[in-house]
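Overview (structure and organization)
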Amino acid sequence: MNVELKSESDGKRRMTRVEAAAVGLAVFCAALISAARTPLTWDEGDAFLRAESVSTWFYALAVGPERLVGSTDALAFDCASEAYKARMRDYFAKLGSRRALFSADALRVGFPHTVCREGHPTGYSLALAAGRAATAPFRAVLSEKQGFRFVGVLLFGLAAGAAYYRVARSFGRFPALVAAVSFATCPRVFAHAQIAGGDSLLISSWVLAWVLFTGSRHTKTGAVLL
């Protein structure tokens, strides 16, 4: 009897996980499609360029400045960020060594938002750069704007699916669906989920922290993730 109950419980848990994955995927797809149509916010263009600075600095560190090849001819590129990256590559290529990348001037160029503007940390720029790099092979179907916004949208879908799973385990499917839909369709939250910035990542991270909080007191995995 205990074996049957355990098997039934495991089956329900697997089904809940499948449902949570479906919810997360649906929210991710909806936000990604909307991200292609949502105009840029007032400082999002600057965020794109800061992400290019960070990614080019790390690229120079990985391959060595002497191996960089760039062009300062903005007309040779389809978008401003590509021309900006070319100028960054030209700058880092002139440094001559990886050690020079850690000079004060090179760090100011590679991480401009740590010394000027609003002073945000570099983490969200890494997320923007990672999203653009990951979606580069799919540029025929995903725009550059969607690429920069990709990680934020992905985290939003993950948070919605995780919220569904947490509520479903405690209260059942209908409350879980209401919770996930309410989170995903709140106008301000949905809009923020598509913006390539720190607030977008923070909102989804708050939800994920809430999902993991109870588990942190009962499992080692939960404690590590929290």
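Everything here concerns the structure above.
Along each chain, residues carry numbers from 1 onward, in the same order as the chain's sequence is written. Whole-chain, interface and lining totals are the exception, using all residues; otherwise, since this is a predicted model, local features are given only for residues with pLDDT of at least 70 and side-chain atom pairs are given and counted only at 80 or more. The basis for every side-chain value is the complete set of heavy atoms in the structure, and neither hydrogens nor water enter the calculation.

**Considerations on the overall build of the chain**
So the rule is basically this: Helix numbers and strand numbers start at the N terminus; a helix is a DSSP run of H or I with at least 4 residues, a strand a run of E with at least 2. With a 1.4 Å probe rolled over the protein chains alone, any residue whose accessible area is under 20% of its type maximum counts as buried; one over 50% counts as exposed, and the rest are partly exposed. Pairs of residues are marked as contacts when any of their non-hydrogen atoms sit within 4.5 Å.
Counting its regular elements, the chain contains 10 helices and zero strands. The order of α-helices and β-strands along the chain, N terminus first, is α-α-α-α-α-α-α-α-α-α. Relative to its full complement of 226 residues, the chain shows a buried share of 39%. For the chain, the proportion of contacts with a sequence separation of at least 24, taken over those separated by at least 6, is 68%.

**Describing the nonpolar core**
Let me state the cut-off plainly: For our purposes a nonpolar core is just a set of buried Ala, Val, Leu, Ile, Met, Phe, Trp, Tyr and Cys residues, chained together by side-chain atoms within 4.5 Å.
In terms of nonpolar packing, the biggest core is built from 39 residues, with Leu128, Phe156, Tyr164 and Phe183 touching the most fellow members. Elements that contribute at least two residues to this core include exactly helix 1 (2-37), helix 2 (44-63), helix 5 (123-135), helix 6 (144-171), helix 7 (173-185), helix 8 (187-193) and helix 9 (198-213). It is helix 6 that contributes the most residues to this core, 12 residues altogether.

**A word on the environment of Glu44**
Our working definition: N or O atoms within 3.5 Å of each other form a polar contact, as long as, within protein, one can give a hydrogen and the other can take it, and as long as residues adjacent in sequence are counted only when both atoms are side-chain atoms.
Relative to the helices and strands, Glu44 is located in helix 2. What makes Glu44 buried here is its relative accessible area of 0%. Taking the C-alpha atoms as reference points, Glu44 and Ala196, separated by 152 residues in sequence, lie 6.3 Å from one another. Residues contacting Glu44, with those up to four places away along its chain left out, are Pro39, Arg149, Gln194, Ile195 and Ala196. A distance of 2.8 Å separates polar atoms of two side chains, one belonging to Glu44 and the other to Arg149.

**Structural notes on empty space enclosed by the protein**
The condition is simple: Think of a 1 Å grid over the protein atoms and nothing else: a 1.4 Å probe that fits but is trapped marks a cavity, an open set flanked by protein within 12 Å on at least five of seven lines marks a pocket, and residues with an atom within 4 Å of a point count as lining. Grid points are joined across faces, edges and corners, and a volume is the space filled by probe spheres set on the points. Side-chain classes are defined by residue name, with Ala, Val, Leu, Ile, Met, Phe, Trp, Tyr, Cys and Pro counting as nonpolar, Asp, Glu, Lys and Arg as charged, and the others, Gly among them, as polar.
In total, this model carries one cavity of 30 Å³ or more according to the counting rule given. As a volume, the largest cavity reaches approximately 40 Å³. Residue lining of the largest cavity: Ala127, Leu128, Phe148, Arg149, Val151, Gly152, Ile195, Ala196, Gly197, Ser200 and Leu201, and that is the complete set. At the level of elements, helix 5, helix 6 and helix 9 are the ones that each hand at least two residues to the lining of the largest cavity. In terms of residues, the lining of the largest cavity owes the most to one element, helix 6, which gives four residues. Of the residues belonging to the lining of the largest cavity, the class tally is seven nonpolar, three polar and one charged.

**Quick notes on the environment of Phe102**
Mapped onto the secondary structure, Phe102 falls in the loop between helix 3 (80-93) and helix 4 (104-110). For Phe102, a relative accessible area of 47% gives the class partly exposed. Separated by 45 residues in the primary sequence, Phe102 and Trp57 have C-alpha atoms spaced 9.8 Å apart. Setting aside its immediate chain neighbours within four residues, Phe102 contacts Trp57, Leu61 and Leu107.

**Examining the packing of helix 2 against helix 6**
The test is simple: Whenever a helix is involved, its axis is fitted only over the stretch in contact; in every case the axis is a line through C-alpha atoms, and angles between N-to-C directions fall within 0 to 180 degrees. When an angle is under 35 degrees it counts as roughly parallel; over 145 it counts as roughly antiparallel; between 65 and 115 it counts as roughly perpendicular; any other value is oblique.
At a minimum axis separation of 11 Å, helix 2 and helix 6 run at an interaxial angle of 80 degrees. One element, helix 2, and the other, helix 6, form an angle in the roughly perpendicular class. Note on element contacts: helix 6 touches helix 2 through Glu144, Lys145, Phe148 and Arg149, opposite Glu44, Phe48, Ala51 and Glu52. The residue inventory of the contact of helix 2 with helix 6, partitioned by class, reads three nonpolar, no polar and five charged.

**Here we look at the side chain of Ser200**
Mapped onto the secondary structure, Ser200 falls in helix 9. Note on Ser200: relative accessible area 2%, which makes it buried. Polar side-chain contacts of Ser200 include one of 2.5 Å to the backbone oxygen of His192. Ignoring anything within four residues of it in the chain, the contact list for Ser200 reads His192, Ala193 and Ile195.

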